[in-house]
Amino acid sequence: MSARFVALVAGVGFFFLALITQGVLPFFEPSATTNHVTAVIRNDIGQLKWMETSATDYTPLENVGRRVYLREGCWYCHSQYVRPVTGETRRWGPVSEAGEYAYDVPHLFGTRRIGPDLTREGLKYGDEWHLAHFWNPRMLTPDSIMDPYSGLFDAPSEAVKIVKDSAAGNTLERNAMTERLFDFASKDQVKITPNADGLLFVPMVAQGKYPVVWAPNNEYAGGSVKLVIETKEVEALIAYVQKLGMNRGKWRDLFEPQEMEAAGITMPRSAEWIEHGKEVYERRCVGCHGVKGDGNGPAATFLYNQRPRNFTQGVFKFRLTEDPVPSDGDMLRTITRGVRGTAMPPWYDLPLNDRLAVIQYIKYVLAVDRSDPKKPALYFVNAPPGQPLYIPAPPPPTPALIAHGKEVWIQAKCWECHGDTGKGDGEEAAGLKDDSGFPMHPANLTSGQFKSGPSVTDIYRTISTGLSGTPMPSFHDAFSDADRWALSYYILSLSAFSDPLTGEPLKISAANRAALNNPTFETPGPEQAYGLLPP
């Protein structure tokens, strides 16, 4: 018997062995056919609890996106599996469970990991970040090795002229292409902003409306633009990516690496740290915030819902200080956590020294008023951060406290912007804008995507300080501590027992709901989820 024959028999044998063990036997394993998972939910009094639930199938749009994902070979480089080791769980999130893959045929576990694992990608980044990323990954990460997927967009080769409109201001020249894309007879206007290179992104929500080319701060001064148009394919692909990991519910709200609390931290100014911060900024931040820090980076045109922060104005939304200028701790918290629901991602996996250094660069190089070139004014030098507001320990949540919070909601007229049910559709919502002149959309509080953080203390801080540069005021002097705590808990309750991705109510029995609403019932982790262990 020759060695060649033995090798042939062994090769065929191992092939069929692999086929049986990986393609046949898994169907006889009970865990392979289950859709049970453990997920984090928010109960009616604002607490986060682990519970056993069922994974949901992909929607028709998400299924289209999954087919695009397969067709484009995204799974060649990206895996979808969190292994049960410490480094994995601290980087990506909870260990994968069999039920998460109940509707994945074929599964896309992957092994190469040339690109980041995508198991917990859902809602880590906003839709707008993904739009810019698929158009050109190096807009956001200059050293990315991912190919652009610009072919998923409709990008006409011919530039379109910007023309004057006596009523609306600047609009686009009417031709066969723009007539097909927009409705120039519509009274429903949409403002779209080019980047400094004349690239103009047109989202799905802008199509069929009257286009207004909006550049309130001279974001673009040219006479023509190159259009990049969102298509159903890229919309579907983003919907699929946002679904990944979301069968585990609001797990990110309990993700320890992303939980960062800091108050009156101030680092001494250092030329060495500023130089290092510049390197970090150019690798991580310049795509959205721009070289000058003016919020007009190449990716900014894709961020049509909320523009990147303009550091040159010295205005920062999220702070604990009484004065508008934040402390280093405030900025570190924002960079670490990110701004949920927007294109600003969490940077908890960036080394701490990098985060601290980029704060120095923002403070002493970008946050500067250069209206008088001979006397540039440094905001953080001329008006250093004040003392942080004192935040007492939150009171324990109760149904009575939630009911009082609803009364405060009405008294404070939160409904004027956020709507009666908190969906961001109040009567004043349509006309709101930020200090830079861009449209400002009130938060949909029923989504559970809170920009400044998911805890009741985060909500209390936002209510107390307001959001600088936006129409969201401070209620520190208008309402007592007790009222603000009650309002904070009520706001959290608006996203109770809802799907974090769709906002739809979860299907849960009255008995299970009552058990999970027990304030003393604790579920420290997925292993102790309600439904696995008796309450």
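Refer to the structure above for everything that follows.
Residues numbered from 1 in each chain as written. Predicted model: local features only at pLDDT ≥ 70, side-chain atom pairs only at ≥ 80, totals over all residues. Heavy atoms only, no water.

Focus: the packing of helix α2 (residues 60-71) against helix α6 (residues 232-243)
Next up, step 1: Orientation of α2 relative to α6, taken along the N-to-C sense of each, is 95°, at an axis distance of 7 Å. As the angle between them shows, α2 and α6 are arranged roughly perpendicular. Judged by residue contacts, Leu 61, Glu 62, Val 64, Gly 65, Arg 66, Val 68, Tyr 69 and Arg 71 of α2 engage Glu 233, Glu 235, Ala 236, Leu 237, Ala 239, Tyr 240 and Lys 243 from α6.
Next up, step 2: Taken together, the residues of the contact of α2 with α6 break down into eight nonpolar, one polar and six charged. (Axes fitted to C-alpha atoms, helices over the stretch in contact; angles between N-to-C directions. Helix = DSSP H or I, 4+ residues; strand = E, 2+ residues; numbered from the N terminus. Parallel < 35°, antiparallel > 145°, perpendicular 65-115°, else oblique. Contact = heavy atoms within 4.5 Å. Nonpolar A, V, L, I, M, F, W, Y, C, P; charged D, E, K, R; others polar.)

Focus: the nonpolar core
Next up, step 1: Ranked by size, the top nonpolar core spans 32 residues in total, and within it Phe 134, Phe 153 and Phe 302 carry the most contacts.
Next up, step 2: Filtering out sequence-adjacent residues up to four positions away, Phe 134 remains in contact with Met 146, Pro 148, Tyr 149, Ser 150, Phe 153, Val 234, Leu 237, Ile 238 and Val 241.
Next up, step 3: Membership of the second largest hydrophobic core comes to 27 residues, among which are Ile 274, Trp 347, Ile 362 and Tyr 364. (Core = buried A, V, L, I, M, F, W, Y, C linked by side-chain atoms within 4.5 Å. Buried < 20%, exposed > 50% of the residue type's maximum accessible area, 1.4 Å probe, protein only.)

With respect to the side chain of Thr 334
Next up, step 1: Relative to the elements of secondary structure, Thr 334 occurs in helix α9 (residues 328-337).
Next up, step 2: Setting aside residues up to four positions removed in sequence, Thr 334 forms contacts with Phe 318, Val 339 and Met 344.

A few points about the sheet that holds strand β8 (residues 224-229)
Next up, step 1: The mixed open sheet is built from four strands, whose spatial order is β4-β3-β8-β6. Looking at strand neighbours, the two that pair on one side only are β4 (169-172) and β6 (199-202), the edges of this open sheet. Averaged over neighbouring strand pairs, the angle between their axes works out to 45° when direction is ignored.
Next up, step 2: In this structure, β6 lies alongside β8, joined through four bridges in parallel fashion. Of the residues in β8, the one forming a bridge with Phe 201 is Val 228. (Pairing = 2+ DSSP bridges.)

Considerations on a negative patch on the surface
Next up, step 1: On the surface, a cluster of negative charge is contributed by Asp 420, Asp 425, Glu 427 and Glu 428.
Next up, step 2: The topology assignment puts Glu 427 in the loop between α13 (415-418) and α14 (456-465). (Patch = residues over 30% accessible without salt bridge, like charges linked within 9 Å, V, L, I, M, F, W, Y side chains within 5 Å. Areas by Shrake-Rupley, 256 points an atom, 1.4 Å probe, with all protein chains shown as cover. Salt bridge = Lys/Arg side-chain N within 4 Å of Asp/Glu carboxyl O. Lys, Arg positive; Asp, Glu negative; His and termini not counted. Charge placed at Lys NZ, Arg CZ, Asp CG, Glu CD.)

Things to note about the pattern of salt bridges
Next up, step 1: Across all of its chains, the model carries 23 salt bridges by this definition.
Next up, step 2: One salt bridge connects Glu 88 with Arg 113, and the closest N-O pair in it is separated by 2.9 Å. With Glu 88 in helix α3 (residues 86-91) and Arg 113 in the loop between α3 and α4 (127-135), this residue pair connects regions lying 25 residues apart in the sequence.
Next up, step 3: Asp 458 is the partner of Arg 461 in a salt bridge, and the nearest nitrogen-oxygen pair spans 3.0 Å. A residue pair is termed a helical-turn pair when its members lie 3 or 4 positions apart in one helix, as Arg 461 and Asp 458 do in helix α14 at three residues. The burial state of Arg 461 is the same as that of Asp 458; both residues are buried.
Next up, step 4: Members of the salt-bridge network, linked through shared partners, are Arg 83, Glu 88, Arg 113 and Asp 117.

Examining the packing of α14 against helix α15 (residues 481-493)
Next up, step 1: At their nearest, the axes of α14 and α15 sit 9 Å apart, and the two run at 120° to each other. Comparing their axes, α15 and α14 come out oblique. As for the relative orientation of α14 and α15, their crossing is right-handed in sense. Between α14 and α15, the residues in contact are Val 456, Thr 457, Ile 459, Tyr 460, Ile 463 and Ser 464 and Asp 481, Arg 484, Trp 485, Leu 487, Ser 488, Tyr 489, Ile 491 and Leu 492, respectively.
Next up, step 2: Classifying every residue of the contact of α14 with α15 by side-chain character gives nine nonpolar, three polar and two charged. (Left-handed = near helix turned anticlockwise from the far one by under 90°.)

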